[in-house]
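The chain contents come next:
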Amino acid sequence: MTSKLETLAKLYLEGEPAEISEQTKQDFCNWMMSEFQQLPFAVQASNAMEYDTVTDMFDDITQNHLWVSLENYGSDIYPNLFCGFALLAVHDYDHYRTGTDFSLEGEIAAYRRLANRSPSLEIQKILYSELVLKSAAHLYLEHKPEPKVVFP
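Attention here is on the structure that accompanies the text. None of the values given here were measured: they were computed from a predicted structure.

1. Some remarks on the state of the cysteines
In protein structure, a disulfide is the covalent linkage between the sulfur atoms of two cysteines. Counting across every chain of the model gives one disulfide. Sulfur-sulfur distance for the disulfide between Cys29 and Cys83 comes to 2.2 Å. Around the S-S axis, the bridge from Cys29 to Cys83 shows a dihedral of about -130° and counts as left-handed. Remark: Cys83 occurs in helix 4 (residues 81-98) and Cys29 occurs in helix 2 (residues 22-37); sequence separation between them is 54 residues. A residue is classified by how much of its surface remains accessible, and Cys83, at 0% relative accessible area, is buried.

2. A closer look at the nonpolar core
One broad rule of soluble globular proteins: the nonpolar side chains tend to lie buried together. Ranked by internal contacts, the top residues of the largest apolar core, which has 43 residues, are Phe28, Met32, Leu66, Leu87, Leu114 and Leu127. Contributing elements (two or more residues each) for this core: helix 1 (4-14), helix 2, helix 3 (54-62), strand 2 (65-69), helix 4, helix 5 (104-115) and helix 6 (121-141). When neighbours within four sequence positions are excluded, Leu127 is seen to be in contact with Phe28, Trp31, Met32, Leu87, Tyr111, Leu114, Ala115, Ser118 and Val132.

Parameters at a glance
- Chains are numbered independently. Their residues run from 1 in the order of the written sequence.
- Residues qualify for local features only when their pLDDT is at least 70, as the model is predicted, and side-chain atom pairs are given and counted only at 80 or more; totals for whole chains, interfaces and linings, by contrast, use all residues.
- By convention in this description, side-chain values take in all heavy atoms of the structure and omit both hydrogens and water.
- By disulfide we mean two sulfur atoms from cysteines, separated by a distance within 2.5 Å.
- We count a stretch as a helix when DSSP gives it H or I for four or more residues in a row; a strand needs E for two or more, and each element gets its number in order from the N terminus.
- Buried means the residue's accessible area, taken with a 1.4 Å probe over protein chains only, is under 20% of the maximum for its type, while exposed means over 50%, and partly exposed covers the values in between.
- Buried Ala, Val, Leu, Ile, Met, Phe, Trp, Tyr and Cys residues form a nonpolar core when they are joined through side-chain atoms within 4.5 Å.
- Whether two residues are in contact is decided by their heavy atoms, any of which lying within 4.5 Å being enough.

In structure tokens, the structure reads:
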């Protein structure tokens, strides 16, 4: 029997990259910038800093600070690099607000919180690929997969 993790990972790994209109990409980035500007703490970029545990990340957030890796969400779909950076910061805060870890279940819960605020179905689909499917592939492979967006 195939596990949920394996099923979701394979949807990402075997899926063809989605075609996303320039307007949807811009709408996504504009919305993500708005979400980012509402974060109640300082966000600092790093090329090397990644949280090993959700507890470390939560500790920083309670101290009004968050490190975000610049390399985690670089993708061709974003009109600029800052958009992927903003997505990761907002997503990490949703982990904090849902009290969830980096397991598949935690990624899904944090995704749902953000998707519920999403302005469109197209943006929800991008979020699902970026936050659920890519995370499932990362957990399944035990390393970061090649970045892409898929709409299974």
